[in-house]
Amino acid sequence: MSSADATMESPGHPGHPEAGKAREAFRAVTRDVAWVAEAPRPHKAWLAALGVALIMLAVGLYSIYVLVTTGVGVWGNSNTVDWAWDITNFVWWIGIGHAGTLISAVLYLTRQTWRVSINRSAEAMTIFAVMCAGLFPLLHTGRPWLAWWMIPHPNDMQMWPQFRSPLMWDVFAVTTYMLTSILFWYMGMVPDLATFRDRCAAKGDKLRAIIYGSLSLGWRGSARQWHRYERAYLILAGLATPLVFSVHSVVSFDFATSQLPGWHTTIFPPYFVAGAIFSGFAMVFTLLIPARHLFNLKHIIKDEHLEAACKIMLGTGMMVGLAYATEFFIAWYSGNLFENFAFINRAFGPFWWAYFLMVGCNVLVPQAFWFKKIRRSPMIIFVLCILVNVGMWFERFVIIATSLARSFLPAQWSYYTPTRYDVGLFVGTLGLFFTLFLLFFRYAPVIAISEVKGAMPEAHAGKKH
Amino acid sequence: MTDDHTHDPADHGAGYGQEAGPLYGVLAEYDTPGELLEAARKVRDAGYTEFDCYSPFPVHGLDEAMGIKRTILPILIFVGGFTGTCGGLLLQWWCNAYNWPWNISGKPAWSIPANVPIAFESTILIAVFTSFFGMWILNKLPQAWHPFFRNERFNHVTDDAFLLGIEARDQRFDAEVTPKLLEAAGAIGVEKVHLDPDPASRHMPKWITAFIVASTAFALIPFAIAAKARTSHSTEPHLHIFPDMDFQPKYKSDQPMDLFGDGRSNRGELVGTVARGSLNADDVFYRGLEHSEAGEQWTTGFPRQLEINEQLVKRGKNRFEIYCAPCHGYDGRGMGAVPQRVAATGGVWLARNLVDVSNPVSITMPNGQLFNTISNGYNTMMGYAAQLSHADRWAIVLYVRALQRSQNASLDDVPPDHRSGMQMPEAPTR
């Protein structure tokens, strides 16, 4: 090198022990997250899971093919029960998505630092769940290729959307939610994608370096960039918080603004939001408990984090239980014959089994979380989370199908049975969800590396105060 | 410090060709976030402005230490959100209350409560877009390349390294003094970063530019097709990507059909049969024909079923003005709206002058023949049998006779007690 170069190492500054430890800790986080994406061969369990998910997805695609080429008549929906599995699944999936936003935004605003280990995968789950949710109303329209009519645009038909309809509110709420979730997720991922880029470049993996490099937009981690980035992240969290509450409120308006007994109630928005968070947390841990085991992430997604989530499930589960009780009380207190009947029928009518499955899974099961021993054993949490998912699915089914099957005119009453295409499509969305999640887990930074580092005690190393 | 972060000055830079190009800046590495913070404060106090700190996560306190001004992003986002609210309300008002008011269960076309959810969602949406895109634009990202990326140390910024970089364009920058300042602030390593000597390497590679241009052009193709379709005509049926209910398993009239011997889907009347109620045996009423020893001839009178009175004339006037006047004109002189319009556009549309005495074809035509002309058409005029009942056609014949008389009348035809104050207008010209 030329003598003009002032490049130098500082002599007599070997780095103090505290610094060495801090750097090692940061490097360990990077390595532990990146190895999942960098492993030359995917894990066998991962491959097996992907295979199952793809088969489920194929079932779903076949069901969609039959549905689109034949018509919605292939479903079990009838003139009486005209909303059934499709809308049940829509509400269920949307609700699952809400936990992701709650974890990433609400817990961020309330400074719950434990969120950093799970927020990335929870946000990914939100996006994939909303994708699955969006399929159902789209296909229920019968002619999904005309869905763009719902977007207000000047057209030859001189037709504008009917903005006073809750179904139109749904379109706007879900679209906004989807876009916000994607942008929030992606923005959070950019610094970590830059980490991946630099690791790939250092190893000489040019193709991946270009892909991760393009996705990380040339992020340099400069203080001026971080300054604006953090501001934007905080504001996005602030915007996403009211958004997540509005989305499920709007979804509940689909029912609450109608005059059907069992639907026509003002309790719906908070009741739906609590249920959404409840089911979303259950789904996050249905996914993360096996994943953290599979990819050696137990020291990042810690047992304490599972415990905190159990407490949230306990709380929201009881809110849901309170809502069930309130519905019955109001039905009795209103003195309205139809309201009375709707709720007695819900519990003791032809769908009694669904009702008690719902109460069992949503009200009784979470009571187990009172015990610390259960909150500390991932296997039991995993099983209980699946039960909660089942219970929350039945909650939506009970609200939708039992109310419709026994509405005002007894001559109209009927029973609802799903067809194989109803089941096939639901299985297909589960397949889509798991496929996307598995791909995400293999190729993206599954844990918010920079946020984890920022939340570590080492992040304050060397500071004088 | 581990080995991979220390550099032997002797071999340094050889692989990067750093000495060759112009100096871009100086990078200094610090051990901990705390030391970076202190160094940033010193660099700021020394009066530097074109410098930045680089870290794997946001180091708290660095904004203040570097003297970074608060970003204007929140203000932009507020403006964006407010635009979203107004835009959402305006959209709903314009669509549902102004451009196409729509009665839904008698509810008002414009009622704020029903419009709140969408206004709220559009507020959030535009605010989110502003924060996301605004943040990247203010951060001048995406940026394909930065000179610091040439430095090996810099590649650890996203992992575990804490760096401070001062750019050579800073007014206080000095190739000798600046590195010393950074070192004095506790740097474990200070390196100069040079630009690549080859200016071409600082530009986007040609193939990337070509790719962007090509993909942009490709993306415009659908719009070009749509634009062409809007300005051109085609006799081909439109593409049916989704058939909807456009093709149904049924026969329409005049379509071929294999089932019958004649290969037609139309089933006409059988030869030698008459449909019930369609015998129409009275030739005078139904055809305007009279039979005598001389043979068949047009009747000159009216069928006896019809009572000739003012009511029938008025009925004839009413039908005439609907079906005949568009071509023949209200006065029967053959200059109705259609010939006038065609003449105005430079074409020719001939309609007979029904009342012309100089060429009295229509005047001398027997009633029966006039009736037949209305029924079956004449020259380019089509028949009106499908639109007008037999009685109405006779009423029109009667009205045409009245027109012929009135249009060629003189003062003598007016009863004497109605003549006072009356003047004959000049005969209208064609």
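Everything numeric here is computed off the predicted structure, so don't read it as measured data. (Residues numbered from 1 in each chain as written. Chains lettered and ligands numbered in written order. Predicted model: local features only at pLDDT ≥ 70, side-chain atom pairs only at ≥ 80, totals over all residues.)

### Concerning the overall build of chain B
The test is simple: Helix and strand labels come from DSSP, where a helix needs a run of H or I of at least four residues and a strand needs a run of E of at least two; each type is numbered from the N terminus. Radius of gyration here is computed from C-alpha atoms only, and the compact-globule reference equals 2.2 Å multiplied by the residue count raised to the power 0.38. Between the buried cut of 20 or more and the exposed cut of 12 or fewer other C-beta atoms within 10 Å of a residue's own C-beta lies the partly exposed class, and all C-beta atoms are placed from the backbone. We call two residues in contact if the C-beta atoms placed from their backbones are at most 7 Å apart.
Within chain B one finds 13 helices and eight strands. Over its C-alpha trace chain B gives a radius of gyration of 47 Å, far above what one expects of a compact globule, namely 22 Å for 430 residues. In terms of overall dimensions, chain B has a C-alpha envelope of 135 × 70 × 50 Å along the principal axes. Looking at chain B as a whole, 30% of its 430 residues qualify as buried. Across chain B, the fraction of contacts at a sequence separation of at least 24, relative to all contacts at a separation of at least 6, is 67%.

### A look at the environment of A:Ala201
Note on placement: A:Ala201 falls in helix H5 (residues 166–203). A count of 17 C-beta atoms within 10 Å places A:Ala201 in the partly exposed class. Contacts of A:Ala201, omitting those with residues within four sequence positions, involve A:Ala209 and B:Asn155.

### As for the environment of A:Ile330
Residues and elements named next belong to chain A. Counting through the fold element by element, isoleucine 330 comes out in helix H9 (residues 303–334). Here isoleucine 330 falls in the partly exposed class, since 15 other C-beta atoms lie within 10 Å of it. The spatial distance from the C-alpha of isoleucine 330 to the C-alpha of isoleucine 344 is 12 Å, given a sequence separation of 14 residues.

### A closer look at the interface of chain B and chain A
The partner chain A presents 73 residues to the 78 residues of chain B that form the contact. Every element with two or more residues in the side of chain B that touches chain A is listed here: helix H1 (33–45), strand S2 (51–54), helix H2 (62–66), helix H3 (73–99), helix H4 (112–138), helix H5 (177–184) and strand S4 (189–194) of chain B. At 16 residues, H4(B) tops the list of elements feeding residues into the side of chain B that touches chain A.

### Some details on the domain arrangement of chain B
So the rule is basically this: Where a domain begins and ends is set by an automatic assignment or by a domain database.
Examined at the domain level, chain B breaks down into domain 1 (16–199) and domain 2 (283–409). Relative to domain 2 of chain B, the C-alpha centre of domain 1 of chain B lies at a distance of 85 Å.

### Looking at the confidence of the model for chain B
Residues and elements named next belong to chain B. What counts here: By definition, pLDDT measures how confident the predictor is in each residue, and it falls between 0 and 100.
Looking at chain B as a whole, its pLDDT mean stands at 88, while 93% of the residues score no less than 70. Ranking the elements of chain B by mean pLDDT puts strand S5 (residues 289–292) last, at 90, and helix H8 (residues 310–323) first, at 96. Taken together, the stretch residues 1–18 has pLDDT below 50 and engages in 28 contacts with residues farther than four places along the chain or on a different chain. Taken together, the chains of this predicted complex give a pTM of 0.77 and an interface ipTM of 0.91.

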